[in-house]
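Structural characterization, general
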Number of protein chains: 2
Amino acid sequence: MPTATREPFLPVIRELVRTYQAFESFSNAHVRELGLTPPQFDVLATLGNTPGMSCKELSEQTLITKGTLTGVIDRLVDKGLVSRTAQEEDRRSVLIALTDTGQALFDQIFPAHLAHMRQAFAGLDNDDFSRICAELAKLRRSIGLAMENCKP
Amino acid sequence: MPTATREPFLPVIRELVRTYQAFESFSNAHVRELGLTPPQFDVLATLGNTPGMSCKELSEQTLITKGTLTGVIDRLVDKGLVSRTAQEEDRRSVLIALTDTGQALFDQIFPAHLAHMRQAFAGLDNDDFSRICAELAKLRRSIGLAMENCKP
DNA sequence: TATTGTTATACTCTATAACTATA
DNA sequence: TATAGTTATAGAGTATAACAATA
């Protein structure tokens, strides 16, 4: 006989995973229509309306590891959307920024993506948003504590 | 000047993504210690304590598309954890099931994984669980409606 | 004709670690 | 020594479509 696993947190995991998968599926379908992969869109969206940033900053914001980021940026450079510029202050560092073409694409697709995503929240009001954020934040804090306790 | 994007749902997206990423990072770190990739663990966990199921069912439950699933199962078969058996009723279909080795591994690592995950919920009580589930379910329903409206 | 699963293609991402060049 | 980023490896997952066997 299998042990009954009546863990009260299992429904939370199920719901979190399902909700996130629904969100991703809805978002990614639109991103792919735009001719980008999700990580490429992530980078583009992070660089939009900024003067650019180093690989390190970009890596921290997108949670893409530096090795992977090199490849993602390579493909965006190939598409002419992103540029790499040597930095004068610290010559180890590289400034990653949108090209004019990249900024133009961003200006076009980012609002379109927002409009697409707006539909996913059409059934909810601002009070719902507040409650959802509050509950998710509580959960995230709890996970964060566990991660700290696992490290040291 | 960039258009100000004061979309009230953006904080929800940010919080959902961050919370999910924290959850995944915490869960995957443990799964990889067990020598499995996340999709492989997903398949193993789905097959555990079942008599097995077809590729189609497995694909539906794990949300791994059938083409990808073939490769994931190949690697689990190579590890001796999963078997493929021809079905008599419908000879197009294949029964995917845990081998004895696979079931033994499942019996060993699934409780260990639950114990690991329990830590991530240590700061919360059953009322928190209910509230989080309720809010996530509301959000998921709204996303689901948008997906339906996009299709037809 | 429709369905189940495999194969084929071509990428894209991932983890990891070694390496280069600065600092 | 430490840091920023690239390169090198070796997988593994992804989307997509064509395909074989069966229903």
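Residue indices begin from 1 for each chain and proceed along its sequence in written order. For this description, chains carry letters from A and ligands carry numbers from 1, given in the order in which they are written. Note on the predicted model: pLDDT of at least 70 is required for a residue's local features to be given, and 80 or more for side-chain atom pairs to be given and counted; whole-chain, interface and lining totals, by contrast, use all residues. Side-chain numbers here rest on the full set of heavy atoms in the structure, without hydrogens or water.

- Named according to an unreviewed UniProt entry, chain A is MarR family transcriptional regulator originating from Crenobacter cavernae.

Things to note about the protein's contact with DNA strand C
- Near residues are defined by distance, with any heavy atom within 4 Å of the molecule or strand qualifying the residue. Around DNA strand C lies a shell of 20 residues, among which A:Thr37, A:Arg75, A:Arg92, B:Lys56 and B:Arg92 are the nearest.
- Here the atoms of DNA strand C within 4 Å of the protein split so that 71% fall in sugar or phosphate, with bases taking the remainder.
- Taking B:Arg84, its side chain carries an N or O atom lying 3.0 Å from a phosphate oxygen of DNA strand C.
- Nitrogen and oxygen atoms within 3.5 Å of one another constitute a polar contact, given that in protein one can donate a hydrogen and the other can accept it, and given that sequence-neighbouring residues count only through two side-chain atoms. Contact between DNA strand C and B:Ser93: a phosphate oxygen at 3.0 Å from a side-chain N or O atom of the residue.
- Each helix corresponds to a stretch of at least 4 residues labelled H or I by DSSP, and each strand to a stretch of at least 2 residues labelled E; elements are numbered beginning at the N terminus. For the surface near DNA strand C, the secondary-structure elements that each account for two or more residues are α4 (66–78) of chain A together with α3 (55–62) and α4 (66–78) of chain B.

A closer look at the sheet that holds strand β2 (residues 82–86) of chain B
Residue and element names in this part refer to chain B.
- With antiparallel pairing, 3 strands are arranged side by side in an open sheet as β1-β3-β2. Two strands bound the open sheet, and with one partner strand each, they are β1 (53–54) and β2.
- Two strands pair under a simple rule: DSSP has to find at least two bridges between them. One ladder, built from 2 bridges, connects β1 with strand β3 (residues 94–98); its direction is antiparallel. Pairing of Met53 across the sheet is with Ile96, part of β3.

Considering unusual backbone geometry
- In the Ramachandran plot, A:Leu63 falls in the positive-phi region, its phi being about 60° despite a non-glycine side chain.
- For A:Leu63, a relative accessible area of 56% gives the class exposed. Exposed residues in this analysis have more than 50% of their type's maximum accessible area, buried residues have under 20%, and partly exposed residues fall in between, with area computed by a 1.4 Å probe over protein chains only.

What to know about the nonpolar core
- Counting residues in each nonpolar core, the largest one holds 44 residues, and the members touching the most others are A:Phe121 and B:Phe121.
- If you list the elements that add at least two residues to this core, you get α1 (10–33), α5 (100–118) and α6 (126–150) of chain A together with α1 (10–33), α5 (100–120) and α6 (126–150) of chain B.
- Each residue touching A:Phe121, except ones within four places of it in the same chain, is listed here: A:Phe129, B:Phe9, B:Val12, B:Ile13, B:Leu139 and B:Ser142. Nonpolar core, defined: a set of buried Ala, Val, Leu, Ile, Met, Phe, Trp, Tyr and Cys residues in which side-chain atoms within 4.5 Å join the residues together. Residue contacts are counted whenever heavy atoms from the two residues lie within 4.5 Å of one another.

A closer look at the relation of the copies chain A and chain B
- Least-squares fitting of chain A to chain B yields an RMSD of 0.0 Å, with the transformation described by 0.0 Å of translation along the axis and a rotation of 180°. Overall, the copies show the geometry of a two-fold rotation axis.
- Comparing contact sets, 100% of the residues at the interface of chain A also lie at the interface in chain B, consistent with an isologous, same-surface contact. Here the copies were fitted onto each other by least squares, based on C-alpha atoms from residues at pLDDT of at least 70 in both.

As for the packing of aromatic side chains
- A pair of aromatic rings is counted whenever rings of Phe, Tyr or Trp (Trp by its six-membered ring) have centres within 6.5 Å, and the orientation is called stacked for planes under 30 degrees apart, edge-to-face for over 60 and tilted otherwise. Counting across every chain of the model gives 9 aromatic pairs over all chains.
- Between A:Tyr20 and B:Tyr20, the aromatic rings sit 3.7 Å apart at their centres with planes inclined by 10°, giving stacked as the arrangement. Taken as a pair, A:Tyr20 in helix α1 and B:Tyr20 in helix α1 lie in two separate chains rather than in one. Here A:Tyr20 matches B:Tyr20 in class, with each residue buried.

Remarks on the protein's contact with DNA strand D
- A:Lys56, A:Arg92, B:Thr37, B:Arg75 and B:Arg91 are the nearest of the 20 residues found near DNA strand D.
- The sugar and phosphate moieties of DNA strand D supply 70% of its atoms located within 4 Å of the protein.
- Side-chain polar atom of A:Ser93 to a phosphate oxygen of DNA strand D: 3.2 Å apart, as the coordinates give it.
- One of the side-chain nitrogen or oxygen atoms of B:Arg75 is found 2.6 Å away from a phosphate oxygen of DNA strand D.

Comments concerning the side chain of B:Gln87
Residue and element names in this part refer to chain B.
- Looking at the element boundaries, Gln87 is found in the loop between β2 and β3.
- The buried category is assigned to Gln87, whose relative accessible area is 18%.
- Contact partners of Gln87, with chain neighbours within four places excluded, come to Ser93, Val94 and Leu95.

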